[in-house]
Amino acid sequence: MTAPTEPREYMRIRPIHNGTVIDHLLPGTGLFILNLLDYTTLRVTPGLNYNSDRIPGGKKDIIYMEGGDLTADQMGVIAVISPSATINWIVDGKLSRKTHPVPVPDELGDILLCSNAKCTTNTEGGSRRFKVLQQPTDTDPFRVLCRYCEKEFYGPLVRFYTGQTLKDVRRGRFEFRR
Amino acid sequence: MVTIGFDKCPDEVYKRFEGRHIISIRDFDRQDIECIISNALSMAELLKKDHRQARHLLEGQRMGVIFYEPSTRTVLSFETAMELLGGSVSGIKDPKVSSAVKGETLADTIRVMAGYFYDFFVIRHYDEGSVRRASEHSRYPANNMNEGKTIPAINGGDGSNQHPTQTVCTDMPTVVKHFGTLDGLVYLFNNDLKNGRTVHSFVEGLMLCKPKKLYFCSPTQLRTPENILRECAAHGIAFEQIPRYEDALPEVDVFYDTRPQLEREQLPDDLKGKIRAVYTVRADEIRSKAKKEMIILHPLPRDSKFNSPEYAVDSLPQARYFEQSHMGVAGRAGLLCLLKGVRL
């Protein structure tokens, strides 16, 4: 096997022209967050364990998405999984807007799964809605209330639609759904 | 907290109810609760005077009952209320003879029945949140002159989640009838506080009031859910979890007993034995320690295997659980009138 003549050329990430850069993700969460996004038709580049001077431990993950946009649900879970995240919107090759901290909406939808096995959303299916009772802070865990069964879930027990809990994600225990 | 009292309900509050679903106590504010209680008490007076006078109030209206779990009081009181108001009732009272056995979801059942000219649905289902889901599909379809309008769906119990009409049509009107208020009273909830949905609804209703104190008395395994206790604290309501009810008894105004919900959670024999020994409401304790004005409520049925309150309590002046059960007819009749904009 011959080495490429110009290794820097093929390793370089192609710049985003119109799209989103999700930066400063906690290391180990990038692939899971990517999995929650609808990236099937988009050109997406995940970057893992990049150097960071902002995140304790000195490493971060980053996701470059050409095209597409993020829903309020998706932004909400990014903020929950990785409170350090910054979202940069790129328009015509330039930074148009930067958001940090990423807001968690008052209500989240199908991106979460109710952890109550007796909840109608698990037994009969259908759409899901969760009221956000507590935004994640340094002192208070994230808390949500299922609109249907009215059960409350907090912090590490909050479950994503892929089946994993926040605790699983933080420990790196997840699989791709595709 | 804006209150309107329990006399005549103002028009602006009355109008909120027309076509409204009754799913959870969490959907109410204080005025809503007072309005429903005021209607319950007015209806109780009307029925006591001459129940035939109510016969024209909902004449020609149809109620669909969908009960996938056993019920005596809830289904019968709704049916009786509807008949007293001049309406009619039909529906499903045994899921084994409905398409549920073929895998039909409750949401689909409602979509079908919505086209059968019903004006209300009363639903009891074992899945938590099922009635809220069903309510999303409860509207008149194209075959009805009211196309697109809501058909009120009433939660008759969804698993161990909520039983709002037990609270606002039965329990609270009984308290108000005796004390003239819901505020400033000491409430004690006894026995299975984990699975008893009537307790959850009642306590959530009290969060809209100013009770003096709440006592929660249950075995450790059947304690009140943490989120309800947290909400009590957030509302500034004083509460205490106690292992036995006797010591608190002299302070209590409303003693709310329940039964272990064995249909929702199997309990080990030693716990059943402890429940019999410690949590049974005993006549000698009531006689010796309770205030004379205290009222004992129970959503019923009384499980004969646990016999609480014991039968000797029935003859004490504090025993009000049958009266409470009778209030359910007037309370539900009053609610049905509210939902159709019929003023009493």
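Residues numbered from 1 in each chain as written. Chains lettered and ligands numbered in written order. Predicted model: local features only at pLDDT ≥ 70, side-chain atom pairs only at ≥ 80, totals over all residues. Heavy atoms only, no water.

Caption draft 1: Here's a closer look at the pairing of strand E3 (residues 59-66) of chain A. Residue and element names in this part refer to chain A. E3 sits mainly inside the fold: seven of its eight residues count as buried. Strand direction decides the pairing type here: strand E1 (residues 19-25) and E3, joined by five bridges, are antiparallel. Each bridged residue has a counterpart across the sheet, and for Thr 20 the counterpart in E3 is Met 65. (Buried < 20%, exposed > 50% of the residue type's maximum accessible area, 1.4 Å probe, protein only. Helix = DSSP H or I, 4+ residues; strand = E, 2+ residues; numbered from the N terminus. Pairing = 2+ DSSP bridges.)

Caption draft 2: Representation of the interface of chain A and chain B within the structure. Taken together, the contact between chain A and chain B spans 18 residues of the former and 19 residues of the latter. Summed over both partners, the interface of chain A with chain B buries about 1,600 Å², with 34% contributed by carbon and sulfur atoms. Looking only at chain A, the three residues that lose the most surface to chain B are Glu124(A), Tyr148(A) and Glu150(A), adding up to 42% of its buried area. Remark: the boundary between chain A and chain B carries four salt bridges. Of the charged contacts in the structure, one is a salt bridge between Glu150(A) and Arg132(B), with a shortest N-O distance of 3.4 Å. Among the secondary structure elements, those contributing two or more residues to the side of chain A that touches chain B are helix H4 (120-123) and strand E9 (143-146) of chain A. (Contact = heavy atoms within 4.5 Å. Buried area = accessible area lost by both parts, 1.4 Å probe. Salt bridge = Lys/Arg side-chain N within 4 Å of Asp/Glu carboxyl O.)

Caption draft 3: Molecular detail of helix H3 (residues 72-81) of chain A. Within H3(A), nine of the ten residues are buried, leaving the element largely enclosed by the surrounding structure. Those residues of H3(A) that fall on the buried side of the exposure criterion are Asp73(A), Gln74(A), Met75(A), Gly76(A), Val77(A), Ile78(A), Ala79(A), Val80(A) and Ile81(A).

Caption draft 4: Spatial organisation of the domain arrangement of chain B. Residues and elements named next belong to chain B. By the assigned domains, chain B splits into domain 1 (11-162 + 327-339) and domain 2 (164-325). On a C-alpha basis, the centroid separation for the pair domain 1 and domain 2 is 26 Å. Domain 1 puts 32 residues into the contact, and the matching count from domain 2 is 32 residues. In total, domain 1 and domain 2 occlude about 2,500 Å² of area from one another, counting both sides; carbon and sulfur atoms represent 58% of this. Per-residue buried area on domain 1 facing domain 2 is highest for Arg 30, Arg 73 and Met 327; these three make up 26% of the total on that side. Scanning the region where domain 1 abuts domain 2 turns up five salt bridges. Here Glu 231 ties to Arg 26 by a salt bridge, and the two come within 3.1 Å at their closest N and O atoms. Counting the contacts that link domain 1 with domain 2 gives 17 residue pairs in polar contact (both at pLDDT 80 or more). (Domains from an automatic or database assignment. Polar contact = N/O pair within 3.5 Å; in protein donor to acceptor, adjacent residues only side chain to side chain.)

Caption draft 5: Highlighting the state of the cysteines. All names here are of chain B. Per the counting criterion, the structure on display carries one disulfide over all chains. The disulfide partner of Cys 9 is Cys 35, and the gap between their sulfur atoms is 2.5 Å. Given an S-S torsion of about -105°, the disulfide between Cys 9 and Cys 35 has left-handed geometry. Placement of Cys 9 in the segment before helix H1 (11-15) and of Cys 35 in helix H2 (residues 30-50) is noted, with a sequence separation of 26 residues between them. Its relative accessible area of 4% is what places Cys 9 among the buried residues. Looking at Cys 35, the relative accessible area reads 0%, which means it is buried. Not engaged in a disulfide, the cysteine Cys 232 finds its nearest cysteine sulfur in Cys 209; these two sulfurs lie 12 Å apart. Overall, the relative accessible area of 0% leaves Cys 232 in the buried class. Cysteine Cys 337 shares no disulfide, and the gap to the nearest cysteine sulfur, in Cys 169, comes to 11 Å. (Disulfide = S-S within 2.5 Å.)

Caption draft 6: Quick look at the nonpolar core. Counting residues in each nonpolar core, the largest one holds 67 residues, and the members touching the most others are Leu182(B), Tyr187(B), Phe189(B) and Leu336(B). At nine residues, helix H11 (residues 321-339) of chain B tops the list of elements feeding residues into this core. Beyond its immediate sequence surroundings of up to four residues, Leu336(B) is in contact with Leu58(B), Met63(B), Phe78(B), Ala81(B), Met82(B), Leu85(B), Phe120(B) and Ile154(B). Listed in part, the 39 residues of the second largest apolar core include Phe130(A), Val132(A), Phe142(A) and Val158(A). (Core = buried A, V, L, I, M, F, W, Y, C linked by side-chain atoms within 4.5 Å.)

Caption draft 7: Spotlight on the pattern of salt bridges. Taken as a whole and assessed by the stated rule, the structure comprises 36 salt bridges over all chains. Put simply, Lys93(B) and Glu79(B) hold a salt bridge, and the shortest N to O gap is 2.7 Å. With Lys93(B) in the loop between strand E2 (88-92) and helix H4 (106-113) and Glu79(B) in helix H3 (residues 73-84), this pair connects stretches of sequence that are 14 residues apart. On the basis of relative accessibility, which here comes to 47%, the residue Lys93(B) falls in the partly exposed class. Residue classification places Glu79(B) among the buried positions, given a relative accessible area of 11%. In this structure, a network of salt bridges that share partners links the residues Glu150(A), Arg26(B), Asp27(B), Arg132(B), Glu204(B) and Glu231(B).

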